[in-house]
Every structure is written in structure tokens, then in C-alpha cells.
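Architecture and fold: a report
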Amino acid sequence: MFQTASLPIRLRRNRKSEAIRKMVQETHLHPSNLIAPLFITDGENARSSISSLPGIERLSIDLAADEARYLYNRGIQSIALFPVIDPSLRSSGAQEAWNPDGILPQAISKIKELVPEICIIADVALDPYTSHGHDGLANSRGEILNEETIDCLIRMALVQAKAGVDFVAPSDMMDGRIKAIRSALDEEGFESTGILAYSAKYASSLYSPFREALKTKLLFGDKKTYQMDPANSREALLEAALDEEEGADILMVKPASLYLDIIAKLREQTKRPIAAYHVSGEYAMVMAAHAAGYLNKEKVFFETLLSIKRAGADLIFTYAVKEVLDLM
Ligand code: PBG
């Protein structure tokens, strides 16, 4: 038999009991690390399910405020709002995106009024509002126009800021938009409104359930001329460095679990907080496997979110908030 006494280093000693394992635990997941996305829809006391996102619903503003209150009471510090825009309000110019009476600014001010403690983040991108489903304005050849789109994003960010948003979150991937939005916010007296930049946002196949939730469809092309190629990592570091220089307060990597290497590399590069978006497809895959009886969703979500944090993310956008709350 193997001579046990000749083994001075035994890592299992630090795993011997629950108490010891807790003492040496390196990464901790806390509710304050999680950001809950909420889909906002018209009406009152209205909710509708999303077939590819079981357990997640589109909520009218009053129900979204109740949800925000519930989440805050359970330790969640922040929500991210995504509006479902009536197709009749969509257009090629996306003008509804900066309507001060639109559903998103209304949701921001109402939730701020009812749950003033919670931090509200809102997306800045045109895809809920364009008739073609792209994140920016397009010309007749279907090319996405950078500076013209930025003009729209500025208007959109100002409307959200006026409604009381804590962070605007540009998710469009236009070049130079962080600088433009930062200076517009400052000029209008919103120097305390933050920018959470979707810095390394990949052209991923994992966003389809989100597009079902928002009822958007891409009518032509794809998002590869603005979202990043999943093959690239150096480019992600450049994107994040530029956003940081341009004034972003928080940098985001998206999606999360297939991009842990990007999160880890960015952790080495920046002192800014890093957010990661555990996106709709990452949630849907686990929910489907759970429904088939292949795995336990709560445990898989907890392990996934822990690994995202271990890679270096401070904050995680996730649809799985309720699945993991009891495990934290
Ligand atoms: C819109 C936006 C998207 C997501 C967040 N903001 C979709 C997209 O870029 O097509 C995806 C989030 C998710 O899948 O959960 N710019």
C-alpha cells in the first residue's frame, strides 16, 4: 500500500468539513452582485409569458415596480429595464426611443418613485424602436450609420437621465458613443448619471430568447458590423480600454459564461468594475435541460454565476436571480 505518512502536502485537509471549506472559500456570490433584467410592457396589472424564457415575464410598469420592491427586499440592489415597444411605434428613424412619455422613461420615473432605493439601469440602443430590428439607423444599402445613430443615442440617454435613471447602458457598439453620451449628459447637468458600457459585446447566437421577449426581428443582415466577432479577444480589450478612456464607469462583457477568458483578461487590464451579462440563451439552455430532467437548474445557475465572478466580474446581469437567491 502507498505510504501515507510520506505525503506532507494534503489539500484535502482544507476540504474536511463544511466549516473549513467555508473558511477557505475564495469567491462569494452575494445578492448585491446580481442585476435583474425586467421586460416592461404596456397596460396595468398585465403580464405575459415568454416561451423561450420560462419563469420570466413581460410586466406592466405597476407589476415591475412590485417586482423591484420584492427583489430589493431580498438584497438585489439593481434592475435593468428593457421596453417591449408596440410595433406601431417602431420606425426606420426610431423616434420613439427619445419620446419623453415613452414606456421606458415612464417606467424609470414610476419605479424611482415607488422603490427609490433601487439602482435603475436602462439600455441605450435603437433595436426595440427600429422597424428593422437593428441597434442603429440604416441607409438604403442596409449599412448601419455610426454618427447618425449616436445622435439618436444621445437623445435617448438624455430622456432616460431626465426620468431619473442611475446608469445608462449603451448596448449598441457604435464607435465613440461613450464619449458623446458622457459629454451630452455633462452639458445638460447630469454629471452624476453613470454610464455602464456594453464594451465587449459579441455577435452571439445566445440572444434569441431576448429578441422573442422584445418581439423584435432583424429584417435584413446581421449584427456583425457592430457587435464583435466571437473569435477575438485582443479586440475586446481595445473596446474596453476605449470605453474607459471615453468615460465609462462600469465595463461589460457579454455574453458571460462562454467568454470567461475575456472577463479574466479584462480584470488584469482595468481597475473599473466589470459587469458580465449572463444572457437569455445561457438561461434558456439550463431551463430546458432542467425541464428534461438532465440537471438541477438552481445548482447549475449557482455554479455558473460563481464562475463568472471567479473569472473577475463584480456584477452579473442574470435572469436566474430567483433561482439562486435561496442558495446565497
Ligand atoms: C439590445 C440588447 C440585446 C441584449 C441586450 N441588449 C440583444 C441584441 O443585441 O441583439 C441581449 C440580452 C440577452 O440576450 O439576454 N442591444
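Let me sum up the structure you'll find in this document.

In this section: the overall build of the chain. Secondary structure summary: the chain contains 11 helices and 10 strands in total. Here the chain has a C-alpha radius of gyration of 21 Å; the compact-globule value for 328 residues is 20 Å, and the two agree. Taken along the three principal axes of its C-alpha coordinates, the chain extends 75 × 45 × 40 Å. Out of the 328 residues belonging to the chain, those deemed buried represent 53%. The contacts in the chain between residues at least 6 apart in sequence include a share of 74% that link residues at least 24 apart.

With that settled, consider the nonpolar core. A general feature of soluble globular proteins is that nonpolar side chains tend to end up buried together. Residues Phe-39, Ile-79, Leu-81 and Ile-111 are the most contacted members of the largest nonpolar core, which totals 112 residues. For this core, the element with the highest residue contribution is helix 4 (residues 146-163), accounting for 10 residues. If we skip the residues at most four places from it in the chain, Ile-79 touches Ile-35, Ala-36, Leu-38, Ala-68, Leu-71, Ile-111, Ile-118, Cys-119, Ile-120 and Ile-121.

Moving on, we come to the packing of aromatic side chains. Ring pairs (aromatic) are described by centroid distance and by the angle formed between their planes. Tallied over the full model, the rule gives 11 aromatic pairs. Centroid distance Phe-39 to Phe-82: 6.1 Å. Interplanar angle 45°. Geometry classified as tilted. Placement of the pair is Phe-39 in strand 1 (residues 34-41) and Phe-82 in strand 4 (residues 78-83), with a sequence separation of 43 residues. On the accessibility criterion, Phe-39 (1% relative accessible area) is buried. Residue Phe-82 is classed as buried on the basis of its relative accessible area, which comes to 3%. When the centroid spacing of 4.3 Å and the interplanar angle of 25° are considered together, the rings of Tyr-202 and Tyr-259 count as stacked. Linking Tyr-202 in the loop between strand 7 (194-201) and helix 6 (208-214) with Tyr-259 in the loop between strand 8 (250-254) and helix 8 (260-269), this pair joins segments that are 57 residues apart in sequence. An aromatic cluster is built from Phe-39, Phe-82, Tyr-198, Phe-210, Tyr-277, Tyr-283, Phe-301, Phe-317 and Tyr-319, whose rings are joined through pairwise contacts. Taking NZ or CZ as reference, Lys-201 lies 5.7 Å from the ring centre of Tyr-207, over its face. The residue whose ring lies beneath Lys-254 is Tyr-207, and the NZ or CZ to ring-centre distance is 4.4 Å.

This part takes up a positive patch on the surface. On the surface, Arg-10, Arg-12, Arg-13, Arg-15 and Lys-16 cluster together into a positively charged patch. Tracing the chain through its elements places Arg-15 in the segment before helix 1 (18-23).

Our focus in this paragraph is the site of the ligand. In the region of the ligand, 18 residues are neighbours, and Lys-201, Arg-211, Lys-254, Ser-280 and Tyr-319 sit closest. Contact between the ligand and Asp-123: a nitrogen atom at 2.9 Å from a side-chain N or O atom of the residue. Contact distances for the ligand include 3.2 Å between a nitrogen atom and a side-chain N or O atom of Asp-127. Contact with the protein chains hides 100% of the accessible area of the ligand, taken as 400 Å² for the molecule alone. Grouping the constituent residues of the shell around the ligand by class yields 8 nonpolar, 3 polar and 7 charged.

This part takes up the pairing of strand 7. The buried fraction of strand 7 is high, at 8 of 8 residues. One ladder, built from 2 bridges, connects strand 6 (residues 167-170) with strand 7; its direction is parallel. Opposite Val-168, over in strand 7, you have Ile-195 as the bridge partner. At this point the chain moves from strand 6, through helix 5 (residues 177-187), to the parallel strand 7, and the crossover so formed is right-handed.

Our focus in this paragraph is the environment of Pro-128. Structurally, Pro-128 is set in the loop between strand 5 (119-124) and helix 4. In this structure Pro-128 comes out as buried when scored by relative accessible area, which is 7%. Through-space distance from the C-alpha of Pro-128 to that of Ser-51 is 19 Å; in sequence the pair is 77 residues apart. Not counting the four nearest positions on each side in its chain, Pro-128 is found in contact with Pro-83, Ile-85, Arg-90, Leu-214 and Thr-216.

Procedures and definitions
- Residues numbered from 1 in each chain as written.
- Predicted model: local features only at pLDDT ≥ 70, side-chain atom pairs only at ≥ 80, totals over all residues.
- Heavy atoms only, no water.
- Helix = DSSP H or I, 4+ residues; strand = E, 2+ residues; numbered from the N terminus.
- Rg over C-alpha atoms; globule rule 2.2 N^0.38 Å.
- Buried < 20%, exposed > 50% of the residue type's maximum accessible area, 1.4 Å probe, protein only.
- Contact = heavy atoms within 4.5 Å.
- Core = buried A, V, L, I, M, F, W, Y, C linked by side-chain atoms within 4.5 Å.
- Phe/Tyr/Trp six-rings, centres within 6.5 Å; stacked < 30°, edge-to-face > 60°.
- Lys NZ or Arg CZ within 6 Å of the ring centre and 35° of its normal.
- Patch = residues over 30% accessible without salt bridge, like charges linked within 9 Å, V, L, I, M, F, W, Y side chains within 5 Å.
- Areas by Shrake-Rupley, 256 points an atom, 1.4 Å probe, with all protein chains shown as cover.
- Salt bridge = Lys/Arg side-chain N within 4 Å of Asp/Glu carboxyl O.
- Lys, Arg positive; Asp, Glu negative; His and termini not counted.
- Charge placed at Lys NZ, Arg CZ, Asp CG, Glu CD.
- Near = heavy atom within 4 Å.
- Polar contact = N/O pair within 3.5 Å; in protein donor to acceptor, adjacent residues only side chain to side chain.
- Nonpolar A, V, L, I, M, F, W, Y, C, P; charged D, E, K, R; others polar.
- Pairing = 2+ DSSP bridges.
- Right-handed = clockwise from strand over helix to strand, strands pointing away.

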